Amino acid sequence: MNGAGKMAKNVMKSLLAAYLVTAVFLFVLAFVLLKLQPDAQKTGIAILACYVISCLAGGWVCGKKAEKRKFLWGLLSGILYFILLLAVSGLREQALPVGTMQVLTAFILCACSGMAGGMLSP
């Protein structure tokens, strides 16, 4: 397999890892929300934290597989995570239910945490 195909496969693995982490965290968050019933602001912060941790994990996986420029591969992983998340929201006809500023904030957090994960990978 050539270098581009290998890295595409690695990016896909990192996205799978990120979405698995997201599934686990959202499951736990749903249970916590059921028991504690926090307000909407705290719920939004918890969801953003879930995205950050997931992108960090995805960037770490992608950076671990990369030999050079790990931070760029982690950044790509975070950006693709956000794009896929936005696309799925759009398919469910819930595209951009919040303001543009919140979407931009989520994009920046996903991209930066993916890049940090790539930089932190061994």
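Structure's up top.
None of these values were measured; they are calculated from a predicted model.

Things to note about the pattern of salt bridges
Right, on to step 1. Inspection of the entire model under this criterion finds one salt bridge.
Right, on to step 2. The partner of Glu 67 in a salt bridge is Lys 6, with the nearest N and O atoms 3.9 Å apart. On the criterion of sequence distance, the pair formed by Glu 67 in the loop between helix H2 (40–65) and helix H3 (70–91) and Lys 6 in helix H1 (residues 3–36) is long-range, its members being 61 residues apart.
Right, on to step 3. Assessed through its relative accessible area of 69%, Glu 67 is described here as exposed.
Right, on to step 4. Under the relative-accessibility criterion, Lys 6 is labelled partly exposed at 39%.

Section: the side chain of Ser 121
Right, on to step 1. Here Ser 121 lies in the segment after helix H4 (100–120).
Right, on to step 2. One polar contact links the side chain of Ser 121 to the main-chain carbonyl oxygen of Gly 63, over a distance of 3.4 Å.
Right, on to step 3. Beyond its immediate sequence surroundings of up to four residues, Ser 121 is in contact with Trp 60, Gly 63, Lys 64 and Lys 70.

Focus: the packing of aromatic side chains
Right, on to step 1. The tally for this structure, following the rule as stated, stands at three aromatic pairs.
Right, on to step 2. Aromatic side chains Tyr 51 and Tyr 81 sit 6.2 Å apart centroid to centroid with 65° between the ring planes, which places their arrangement in the edge-to-face category. Within this pair, whereas Tyr 51 is found in helix H2, its partner Tyr 81 is found in helix H3, the two being separated by 30 residues in sequence. Comparing Tyr 51 with Tyr 81 shows no difference in burial state: the two are buried.
Right, on to step 3. Both rings, one in Phe 82 and one in Phe 107, keep their centres 5.3 Å apart while their planes meet at 70°; by these two values the pair is edge-to-face. One end of the pair, Phe 82, is in helix H3; the other, Phe 107, is in helix H4, with 25 residues separating them in the sequence.
Right, on to step 4. By relative accessible area, which is 29% here, Phe 107 ends up partly exposed.
Right, on to step 5. In textbook terms, an aromatic cluster arises when at least three aromatic residues are bridged by ring pairs, as seen for Tyr 19, Tyr 51 and Tyr 81.

Rules behind the numbers
- Numbering of residues begins from 1 in every chain and follows the order in which that chain's sequence is written.
- Owing to the predicted nature of the model, reporting of local features is limited to residues with pLDDT of at least 70; listing and counting of side-chain atom pairs is limited to 80 or more, with chain, interface and lining totals taken over all residues.
- Water and hydrogen atoms were dropped before computing side-chain values, which therefore reflect all heavy atoms in the structure.
- For this document, the term salt bridge refers to a Lys or Arg side-chain nitrogen within 4 Å of an Asp or Glu carboxyl oxygen.
- In DSSP terms, a helix is any run of H or I states spanning at least four residues, a strand is any run of E spanning at least two, and both are numbered starting from the N terminus.
- Buried means the residue's accessible area, taken with a 1.4 Å probe over protein chains only, is under 20% of the maximum for its type, while exposed means over 50%, and partly exposed covers the values in between.
- A 3.5 Å cut-off defines polar contacts: any pair of N or O atoms within that distance qualifies, except that in protein one atom must be a possible hydrogen donor and the other a possible acceptor, and neighbouring residues in sequence count only when both atoms are side-chain atoms.
- Should any heavy atoms of two residues lie within 4.5 Å, those residues are considered in contact.
- Only the six-membered ring of Trp is used, alongside the rings of Phe and Tyr, when aromatic pairs are assigned; centres must lie within 6.5 Å, and planes under 30 degrees apart are stacked while those over 60 apart are edge-to-face, with the rest tilted.

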